[in-house]
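# An overview of the molecular structure
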Amino acid sequence: MRNPFGRIPLKALAIAVPTICLSLACLTGIPGLPPFADRPVIGRIDPTVFPRNFMWGAASSAHQVEGNDVHSDWWAWEQAGRVRSGQPSGLATDHWNRYEEDLDRLVALNLNTYRFSLNWARLYPQPGMSQPDPDAVARYDAMFAAMAARKIRPMVTLHHFSMPAWLTDQDRWGSGQAIEDFKKLTQFAVDRWKGDVDWWITVNEPEVFAFHGWSRGVFPPGKLDFPLSLRVLANLMKAHAEAYHIIKDHDDVDADGDGSPAEVGIAHLVVPFEPYNPWNPIEATIATAISTFSNAFWFVADRTGIIDLRLPFGPEIVEEFPLFQGTLDFIGINYYSRQLMRIDPLRGGLVIDQYPGVVRSSLGIEVYPKGLYDSINFVAQFGLPIIVTENGIADETDELRPDYIHDHLAEMSRFMRDRPDVPVLGYVYWSLTDNFEWEKGFTPRFGLYEVNYETLERTMRPSAAAFAEIIAAINNNRD
Ligand code: IFM
């Protein structure tokens, strides 16, 4: 299999698997470009490559925005004082009650797609429920109706980190019982909302979920058990495969009229790992190995039907699971930044580093738009349609975000021009509004809309207006 990130023995991969997932990251300004305000709206974006039905979206996830998520494992984790920031999610952005106005905000930005997650903990707050909570179901009914009224296409994530507290208390992902629980959630969701939803994402960033929760201990259940985190990952893969078949077997309604009733994928964090010193063969080998493992394991299994979580040393899982084969209709890429692998004896050996002077987000993450091109190019080898399901920056002052959005769209359009044979179907910005950023609390500001957490008032950021202008200019260019 061709590997655009380098040449790698698939087997020798994954030395630093846990480390991989910890670091989400992002952007760098393209040297030599004038600041956004000084260039035309479209700038370096090629407006000719976007098809009429291109999905322009913004994203959220249930626990990060809904508020009062009292039955979730995250809520319990926060109440127990275990969230690293010390900040509980509380009301979050109160999206549960303010979804109508938030959907209006999507429309105001010329967006046609909303990626959000169903709240498993609201639907099944207690163990053993044969039917989900009717009030939660009614609220999602209303949300879907509100999207339809605004011609917003829902892109639904079934599993985005948070879960019912009972499920985590019993460590049902560790034991594998959660596969049955997830099948139940999926079956209900597809039966109830197949008339509303065509775009389904089973799992968001599965390896982040597994490693953060079970080997780094920064997400619930807070375990430090690497072998168990691999087992959780394998169980998630099985749950995805089961969910894929449930959706494909039961969603027979073409809600958006594009000729297909259901497209199912995952949202995968794709991180180009590169050597800090390109001439250093050890750094190059390590970077390539980690890139290949973390960025490809899911898609290799999709090809082969073999769950292959193999490390050069330590625990490994290799299992035939034919049900997994061919269970992706598209690949969702969550892209934030690259990681530079460096051998630095003064800092204890292998470290993740950054070049001096690069532009960084408020989380210290490098701004590196070319990595989006590289990431799309990497997953293109798997021959599936691609959606950028997340791309965004924590930037409280909004000084970087206008260029960030422009430069990433420019890189995506450059790929679409170079490879017209690869369908790139959409771009979803993370996130529509500021929100609860997991262990980091409310400090990072990813939103197109700023949220005042005292009043819960939302304010459109200048970057959001610029994004809306870009979309309008692209649409005008095509019409
Ligand atoms: O907020 C998260 C999201 O839940 C998953 N992807 C990365 C985002 C920013 O860190």
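Residues numbered from 1 in each chain as written. Predicted model: local features only at pLDDT ≥ 70, side-chain atom pairs only at ≥ 80, totals over all residues. Heavy atoms only, no water.

### Re the overall build of the protein
In terms of regular secondary structure, the protein is built from 15 helices and 15 strands. Overall, the C-alpha framework of the protein stretches about 60 × 55 × 45 Å when taken along its three principal axes. For the protein, the proportion of contacts with a sequence separation of at least 24, taken over those separated by at least 6, is 77%. By element, 52% of the accessible surface of the protein is carried by carbon and sulfur atoms, the whole surface being about 17,000 Å². Distance between charge centroids for the protein: 4 Å, based on 42 positive and 62 negative side chains. (Helix = DSSP H or I, 4+ residues; strand = E, 2+ residues; numbered from the N terminus. Contact = heavy atoms within 4.5 Å. Areas by Shrake-Rupley, 256 points an atom, 1.4 Å probe, with all protein chains shown as cover. Lys, Arg positive; Asp, Glu negative; His and termini not counted. Charge placed at Lys NZ, Arg CZ, Asp CG, Glu CD.)

### Some words on the packing of helix 11 (residues 226-250) against helix 12 (residues 281-304)
Where helix 11 meets helix 12, the closest approach of the two axes is 12 Å, and the angle between their N-to-C directions is 45°. Between helix 11 and helix 12, the crossing angle belongs to the class labelled oblique. Along this stretch, helix 11 crosses helix 12, giving a crossing that reads as right-handed. Note on element contacts: helix 12 touches helix 11 through Phe297, Trp298 and Ala301, opposite Leu233, Leu236, Met237 and His240. (Axes fitted to C-alpha atoms, helices over the stretch in contact; angles between N-to-C directions. Parallel < 35°, antiparallel > 145°, perpendicular 65-115°, else oblique. Left-handed = near helix turned anticlockwise from the far one by under 90°.)

### Re the confidence of the model for the protein
The pLDDT averaged across the protein works out to 92; a share of 91% of its residues lies at or above 70. Confidence drops under pLDDT 50 across residues 6-34; counting only partners more than four residues distant or on other chains, this segment forms 103 contacts. (pLDDT = per-residue confidence, 0-100.)

### Quick look at the packing of aromatic side chains
Applying the stated criterion across every chain, the model contains 35 aromatic pairs. Judged by centre distance (6.5 Å) and plane angle (75°), the rings of Trp120 and Trp173 are edge-to-face. Highlighted residues: Trp120 in helix 5 (residues 120-123) and Trp173 in helix 8 (residues 172-175), separated in sequence by 53 residues. Residue Trp120 shares its accessibility class with Trp173, and that shared class is buried. An aromatic cluster of three or more residues is present, and its members are Trp74, Phe161, Phe219, Phe436, Trp438, Phe442 and Tyr453. A cation sits over an aromatic face here: Arg342 above Tyr276, 4.0 Å from the ring centre. (Phe/Tyr/Trp six-rings, centres within 6.5 Å; stacked < 30°, edge-to-face > 60°. Buried < 20%, exposed > 50% of the residue type's maximum accessible area, 1.4 Å probe, protein only. Lys NZ or Arg CZ within 6 Å of the ring centre and 35° of its normal.)

### With respect to the pairing of strand 14 (residues 449-452)
A regular strand carries its side chains on alternate faces of the sheet. Because side chains alternate across strand 14, one face comprises the buried residues Tyr449 and Val451, and the other comprises Glu450 and Asn452, none of which is buried. Pairing of strand 14 with strand 15 (residues 457-460), which is carried by four bridges, proceeds in the antiparallel orientation. Across the sheet, residue Tyr449 finds its bridge partner in strand 15, namely Met460. Hairpin connection, strand 14 to strand 15: the antiparallel pair is bridged by four residues, and Leu456 has positive phi, about 65°. (Pairing = 2+ DSSP bridges.)

### Let's talk about the sheet that holds strand 13 (residues 424-430)
As summarised here, the arrangement of the eight strands in space is 1-2-3-4-5-9-12-13, forming a closed barrel in which the pairing is parallel. Each strand of the sheet is rotated relative to its neighbour by a mean of 25°, with strand direction disregarded. Where strand 2 (residues 113-117) meets strand 3 (residues 153-159), five bridges bridge the pair, whose relative direction is parallel. Pairing of Thr113 across the sheet is with Arg153, part of strand 3. On the sheet, helix 11 packs against strand 3, strand 4 (199-204) and strand 5 (263-269) and is oriented at approximately 165° with respect to strand 4.

### Let's talk about the packing of helix 13 (residues 370-380) against helix 14 (residues 401-418)
Taken N-terminus to C-terminus, the directions of helix 13 and helix 14 make an angle of 35°; their axes are 7 Å apart at the nearest point. In this structure, helix 13 crosses over helix 14, and the sense of that crossing is right-handed. Residues Lys370, Leu372, Tyr373, Ile376, Asn377 and Ala380 of helix 13 form the contact with helix 14, whose own contacting residues are His408, Glu411, Met412, Arg414, Phe415 and Asp418. Of the residues belonging to the contact of helix 13 with helix 14, the class tally is six nonpolar, two polar and four charged. (Nonpolar A, V, L, I, M, F, W, Y, C, P; charged D, E, K, R; others polar.)

### Some words on the environment of Pro40
Tracing the backbone through its elements, the reader meets Pro40 in the loop between helix 1 (17-22) and strand 1 (55-59). Counting along the chain gives 353 residues from Pro40 to Ile393, while the straight-line C-alpha distance between them is 22 Å.

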